[in-house]
Amino acid sequence: MTAAARGARHVAIIMDGNGRWAKRRHLPRVVGHQRGVEAVRALVRGCRQLGLECLTLYAFSSENWKRPEDEVGDLMNLMRKFIKSDLPDFIEHGVRLKIIGDWQGLAPDIVTMLDDALERTAGGSMTVAVALNYGSQQEIARAASRAAAKGQVTPEAIEAELDTADLPPLDLLIRTSGEVRLSNFLLWQAAYAEMYFTDVLWPDFKVEHLQAALDEFATRERRYGGR
Ligand code: FPP
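The structure contained in this document is the topic of the report that follows. Please read these numbers as outputs of a predicted model, since none were measured by experiment. (Residues numbered from 1 in each chain as written. Predicted model: local features only at pLDDT ≥ 70, side-chain atom pairs only at ≥ 80, totals over all residues. Heavy atoms only, no water.)

**Regarding the site of the ligand**
This is how the line gets drawn: Near residues are defined by distance, with any heavy atom within 4 Å of the molecule or strand qualifying the residue. Pairs of N or O atoms within 3.5 Å make up the polar contacts considered here, provided that, within protein, one atom can donate a hydrogen while the other can accept it, and that residues adjacent in sequence are counted only when both atoms are side-chain atoms. Helical segments are the DSSP runs of H or I of at least four residues, strand segments are the runs of E of at least two, and each set is numbered from the N terminus.
In the neighbourhood of the ligand, 16 residues make up the surrounding shell, with Met 15, Gly 19, Arg 20, Arg 29 and Arg 67 lying closest. One nitrogen or oxygen atom from the side chain of Asp 16 is found 3.1 Å from an oxygen atom belonging to the ligand. Listing elements by their share of the shell around the ligand, those giving two or more residues are helix 1 (18-24), helix 2 (29-50) and helix 3 (69-92). Tallying contributions element by element places helix 2 first for the shell around the ligand, with four residues.

What follows is the structure, encoded as C-alpha coordinates:
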(Lines give C-alpha, C1' and ligand atoms only; values in the text may rest on other atoms or scores of the structure.)
Protein backbone atom coordinates (compact mmCIF):
# COMPACT_ATOMS: atom_id res chain seq x y z
CA MET A 1 0.00 0.00 0.00
CA THR A 2 1.34 3.46 -0.81
CA ALA A 3 1.70 6.27 1.73
CA ALA A 4 -1.02 8.17 -0.11
CA ALA A 5 -3.36 5.19 0.25
CA ARG A 6 -2.69 5.22 3.98
CA GLY A 7 -3.55 8.94 4.08
CA ALA A 8 -0.04 10.22 4.77
CA ARG A 9 1.50 13.04 2.77
CA HIS A 10 4.25 14.26 5.06
CA VAL A 11 6.43 12.21 7.41
CA ALA A 12 9.23 13.64 9.57
CA ILE A 13 11.94 11.66 11.33
CA ILE A 14 14.20 12.36 14.30
CA MET A 15 17.12 10.14 13.28
CA ASP A 16 18.55 9.08 16.63
CA GLY A 17 20.89 6.33 17.79
CA ASN A 18 23.94 6.58 15.50
CA GLY A 19 26.28 6.82 18.51
CA ARG A 20 24.75 3.82 20.29
CA TRP A 21 24.80 1.79 17.09
CA ALA A 22 28.56 2.38 16.83
CA LYS A 23 29.22 1.87 20.55
CA ARG A 24 27.53 -1.54 20.52
CA ARG A 25 29.97 -2.58 17.82
CA HIS A 26 33.01 -0.98 19.48
CA LEU A 27 33.32 1.36 16.50
CA PRO A 28 34.04 5.10 16.47
CA ARG A 29 30.93 7.34 16.60
CA VAL A 30 31.71 8.63 13.10
CA VAL A 31 31.05 5.15 11.71
CA GLY A 32 27.57 5.32 13.23
CA HIS A 33 26.99 8.64 11.50
CA GLN A 34 28.32 7.20 8.21
CA ARG A 35 25.89 4.31 8.49
CA GLY A 36 23.24 6.89 9.35
CA VAL A 37 23.85 8.62 6.03
CA GLU A 38 23.54 5.26 4.26
CA ALA A 39 20.20 4.76 5.98
CA VAL A 40 19.10 8.21 4.72
CA ARG A 41 20.15 7.33 1.18
CA ALA A 42 18.30 3.98 1.19
CA LEU A 43 15.18 5.52 2.73
CA VAL A 44 14.99 8.38 0.21
CA ARG A 45 15.25 5.82 -2.59
CA GLY A 46 12.64 3.57 -0.99
CA CYS A 47 10.31 6.49 -0.35
CA ARG A 48 9.97 7.29 -4.01
CA GLN A 49 7.98 4.07 -4.40
CA LEU A 50 5.76 4.88 -1.43
CA GLY A 51 4.16 7.94 -3.00
CA LEU A 52 4.98 10.18 -0.05
CA GLU A 53 4.93 13.90 -0.89
CA CYS A 54 7.42 14.99 1.72
CA LEU A 55 10.01 13.45 4.03
CA THR A 56 11.58 15.80 6.59
CA LEU A 57 14.78 14.69 8.33
CA TYR A 58 16.37 16.15 11.47
CA ALA A 59 20.06 16.09 10.49
CA PHE A 60 21.65 18.79 12.67
CA SER A 61 19.98 20.78 15.42
CA SER A 62 20.92 24.24 16.63
CA GLU A 63 21.88 22.48 19.89
CA ASN A 64 24.20 19.96 18.17
CA TRP A 65 26.94 22.63 18.12
CA LYS A 66 27.49 21.68 21.79
CA ARG A 67 28.98 18.34 20.68
CA PRO A 68 32.78 17.95 20.56
CA GLU A 69 34.35 19.90 17.72
CA ASP A 70 35.59 16.78 15.90
CA GLU A 71 32.11 15.23 15.88
CA VAL A 72 30.58 18.47 14.53
CA GLY A 73 33.31 18.47 11.87
CA ASP A 74 32.55 14.83 10.98
CA LEU A 75 28.83 15.60 10.60
CA MET A 76 29.53 18.63 8.38
CA ASN A 77 31.91 16.59 6.22
CA LEU A 78 29.29 13.86 5.86
CA MET A 79 26.85 16.54 4.74
CA ARG A 80 29.30 17.82 2.10
CA LYS A 81 29.89 14.26 0.84
CA PHE A 82 26.18 13.46 0.79
CA ILE A 83 25.28 16.51 -1.29
CA LYS A 84 28.07 15.76 -3.77
CA SER A 85 27.31 12.06 -4.09
CA ASP A 86 23.50 12.14 -4.05
CA LEU A 87 22.61 15.33 -5.93
CA PRO A 88 22.64 13.59 -9.35
CA ASP A 89 20.27 10.91 -8.01
CA PHE A 90 17.91 13.58 -6.61
CA ILE A 91 17.88 15.37 -9.97
CA GLU A 92 17.42 12.16 -11.97
CA HIS A 93 14.49 10.98 -9.87
CA GLY A 94 12.65 14.27 -9.39
CA VAL A 95 13.44 14.72 -5.70
CA ARG A 96 13.27 18.35 -4.58
CA LEU A 97 15.70 19.23 -1.81
CA LYS A 98 14.56 21.71 0.79
CA ILE A 99 16.49 22.94 3.80
CA ILE A 100 14.83 24.15 6.98
CA GLY A 101 16.58 25.90 9.86
CA ASP A 102 19.16 28.66 10.01
CA TRP A 103 21.29 27.03 7.31
CA GLN A 104 22.77 30.31 6.09
CA GLY A 105 24.76 30.16 9.34
CA LEU A 106 26.67 27.03 8.23
CA ALA A 107 30.17 27.09 6.69
CA PRO A 108 30.20 29.22 3.49
CA ASP A 109 31.18 26.30 1.23
CA ILE A 110 28.20 24.27 2.51
CA VAL A 111 25.86 27.23 1.96
CA THR A 112 27.13 27.51 -1.64
CA MET A 113 26.68 23.76 -2.23
CA LEU A 114 23.18 23.87 -0.79
CA ASP A 115 22.19 26.94 -2.82
CA ASP A 116 23.27 25.09 -5.96
CA ALA A 117 21.50 21.87 -4.93
CA LEU A 118 18.28 23.74 -4.12
CA GLU A 119 18.29 25.44 -7.50
CA ARG A 120 19.03 22.25 -9.41
CA THR A 121 16.34 20.18 -7.70
CA ALA A 122 13.66 22.89 -7.60
CA GLY A 123 11.49 21.13 -10.20
CA GLY A 124 11.22 17.83 -8.28
CA SER A 125 7.85 16.41 -7.26
CA MET A 126 8.76 14.61 -4.01
CA THR A 127 10.35 16.83 -1.34
CA VAL A 128 13.13 15.79 1.01
CA ALA A 129 13.43 18.54 3.62
CA VAL A 130 16.62 18.41 5.66
CA ALA A 131 16.70 20.29 8.96
CA LEU A 132 20.13 21.88 9.37
CA ASN A 133 21.11 24.17 12.22
CA TYR A 134 17.42 23.81 13.04
CA GLY A 135 15.64 24.63 16.27
CA SER A 136 11.86 24.78 16.34
CA GLN A 137 11.61 27.47 19.02
CA GLN A 138 13.97 29.67 16.99
CA GLU A 139 11.92 28.98 13.83
CA ILE A 140 8.69 29.98 15.59
CA ALA A 141 10.30 33.14 17.01
CA ARG A 142 11.58 34.12 13.53
CA ALA A 143 8.16 33.45 12.01
CA ALA A 144 6.33 35.43 14.72
CA SER A 145 8.66 38.36 14.30
CA ARG A 146 8.15 38.38 10.51
CA ALA A 147 4.38 38.13 11.02
CA ALA A 148 4.51 41.05 13.48
CA ALA A 149 6.50 43.12 11.00
CA LYS A 150 3.66 42.56 8.53
CA GLY A 151 1.17 43.72 11.17
CA GLN A 152 -0.63 40.50 12.19
CA VAL A 153 0.26 37.90 14.83
CA THR A 154 -2.32 35.16 14.34
CA PRO A 155 -1.68 31.40 14.13
CA GLU A 156 -2.30 31.56 10.37
CA ALA A 157 0.07 34.50 9.91
CA ILE A 158 2.82 32.76 11.92
CA GLU A 159 2.30 29.49 10.06
CA ALA A 160 2.71 31.27 6.74
CA GLU A 161 6.17 32.43 7.87
CA LEU A 162 7.48 29.07 9.12
CA ASP A 163 10.31 27.40 7.20
CA THR A 164 7.83 24.64 6.34
CA ALA A 165 5.14 26.98 4.96
CA ASP A 166 5.28 25.42 1.49
CA LEU A 167 5.12 21.81 2.74
CA PRO A 168 2.00 19.66 3.29
CA PRO A 169 0.74 19.48 6.90
CA LEU A 170 2.80 17.07 9.01
CA ASP A 171 1.01 13.72 9.33
CA LEU A 172 3.46 11.49 11.15
CA LEU A 173 6.50 12.17 13.32
CA ILE A 174 8.86 9.24 13.92
CA ARG A 175 11.72 9.06 16.42
CA THR A 176 14.15 6.17 16.41
CA SER A 177 16.32 4.69 19.19
CA GLY A 178 13.75 4.50 21.99
CA GLU A 179 13.93 8.12 23.16
CA VAL A 180 10.49 9.66 23.66
CA ARG A 181 10.85 13.41 23.21
CA LEU A 182 10.70 16.03 20.46
CA SER A 183 14.06 17.74 21.08
CA ASN A 184 13.02 21.12 19.62
CA PHE A 185 11.88 19.59 16.31
CA LEU A 186 8.74 20.77 14.45
CA LEU A 187 6.94 21.78 17.66
CA TRP A 188 4.35 23.90 15.83
CA GLN A 189 3.91 21.50 12.94
CA ALA A 190 3.43 18.53 15.30
CA ALA A 191 0.31 20.05 16.89
CA TYR A 192 -1.92 17.42 15.25
CA ALA A 193 0.65 15.00 13.88
CA GLU A 194 0.63 11.36 14.97
CA MET A 195 3.71 10.25 16.93
CA TYR A 196 5.56 6.97 16.40
CA PHE A 197 8.47 5.88 18.55
CA THR A 198 10.60 2.86 17.76
CA ASP A 199 13.57 1.23 19.48
CA VAL A 200 15.31 0.67 16.14
CA LEU A 201 18.57 2.63 16.00
CA TRP A 202 18.77 5.01 13.04
CA PRO A 203 21.48 3.13 11.06
CA ASP A 204 19.23 0.03 11.16
CA PHE A 205 16.09 1.90 10.04
CA LYS A 206 14.88 0.62 6.67
CA VAL A 207 11.97 1.36 4.36
CA GLU A 208 10.20 -1.66 5.95
CA HIS A 209 10.28 0.20 9.28
CA LEU A 210 8.76 3.26 7.62
CA GLN A 211 6.08 1.01 6.13
CA ALA A 212 5.32 -0.40 9.60
CA ALA A 213 4.99 3.16 10.94
CA LEU A 214 2.66 4.05 8.06
CA ASP A 215 0.59 0.90 8.72
CA GLU A 216 0.18 1.97 12.34
CA PHE A 217 -0.63 5.53 11.19
CA ALA A 218 -3.41 4.16 8.97
CA THR A 219 -5.11 2.68 12.07
CA ARG A 220 -5.09 5.95 14.05
CA GLU A 221 -8.24 8.00 14.28
CA ARG A 222 -7.38 11.67 13.84
CA ARG A 223 -9.90 14.02 15.37
CA TYR A 224 -8.04 17.36 15.41
CA GLY A 225 -9.69 18.26 18.69
CA GLY A 226 -13.21 17.36 17.48
CA ARG A 227 -15.13 14.19 18.36
C1 FPP B 1 21.64 11.24 16.42
O2 FPP B 1 22.48 10.19 16.80
C3 FPP B 1 21.98 11.67 15.10
C4 FPP B 1 22.52 12.88 14.79
C5 FPP B 1 22.83 13.92 15.76
C6 FPP B 1 22.85 13.23 13.41
C7 FPP B 1 21.92 12.70 12.36
C8 FPP B 1 22.65 12.74 11.11
C9 FPP B 1 22.71 11.77 10.19
C10 FPP B 1 21.90 10.55 10.21
C11 FPP B 1 23.62 11.91 9.05
C12 FPP B 1 23.51 13.16 8.24
C13 FPP B 1 22.27 13.29 7.45
C14 FPP B 1 22.17 13.58 6.14
C15 FPP B 1 20.88 14.01 5.58
C16 FPP B 1 23.31 13.50 5.22
P17 FPP B 1 23.32 10.33 18.14
O18 FPP B 1 24.72 10.63 17.75
O19 FPP B 1 22.70 11.34 19.04
O20 FPP B 1 23.18 8.89 18.70
P21 FPP B 1 23.21 8.46 20.24
O22 FPP B 1 22.04 9.14 20.90
O23 FPP B 1 23.06 6.98 20.17
O24 FPP B 1 24.55 8.90 20.78
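**Regarding the nonpolar core**
Rules: The term nonpolar core refers to a set of buried residues drawn from Ala, Val, Leu, Ile, Met, Phe, Trp, Tyr and Cys, joined through side-chain atoms within 4.5 Å. Exposed residues in this analysis have more than 50% of their type's maximum accessible area, buried residues have under 20%, and partly exposed residues fall in between, with area computed by a 1.4 Å probe over protein chains only. Contact criterion: two residues are considered in contact whenever any of their non-hydrogen atoms come within 4.5 Å of each other.
Residues Ile 13 and Leu 55 are the most contacted members of the largest nonpolar core, which totals 51 residues. For this core, the element with the most residues is helix 3, which contributes nine residues. The contact partners of Ile 13, leaving out residues within four places of it in the chain, are Leu 43, Leu 55, Thr 56, Leu 57, Tyr 58, Ile 174, Phe 185, Trp 202 and Phe 205. Of all hydrophobic cores here, the second largest spans twelve residues; its members include Ala 12, Tyr 134, Phe 185 and Ala 190.

**A few points about the packing of helix 2 against helix 7 (residues 207-219)**
The criterion, for reference: To obtain an axis, a line is fitted to C-alpha atoms, over the contacting stretch when the element is a helix, and the angle between two such axes runs from 0 to 180 degrees between their N-to-C directions. Orientation labels follow simple angle bins: below 35 degrees gives roughly parallel, above 145 gives roughly antiparallel, 65 to 115 gives roughly perpendicular, and whatever is left gives oblique. Crossings are sorted by hand: turned counterclockwise from the far helix by less than a right angle, the near helix makes the crossing left-handed, and turned clockwise it makes it right-handed. Think of it as three bins: nonpolar holds Ala, Val, Leu, Ile, Met, Phe, Trp, Tyr, Cys and Pro, charged holds Asp, Glu, Lys and Arg, and polar takes everything else, Gly as well.
Packing of helix 2 against helix 7 brings their axes to within 9 Å, and their N-to-C directions diverge by 45 degrees. As judged from the angle between their axes, helix 2 and helix 7 are oblique. When the axes of helix 2 and helix 7 are compared, the crossing they make is right-handed. Across from Leu 43, Gly 46, Cys 47 and Leu 50 in helix 2, the residues of helix 7 making contact are Val 207, Leu 210, Gln 211 and Leu 214. Considering only residue class, the contact of helix 2 with helix 7 consists of six nonpolar, two polar and no charged.

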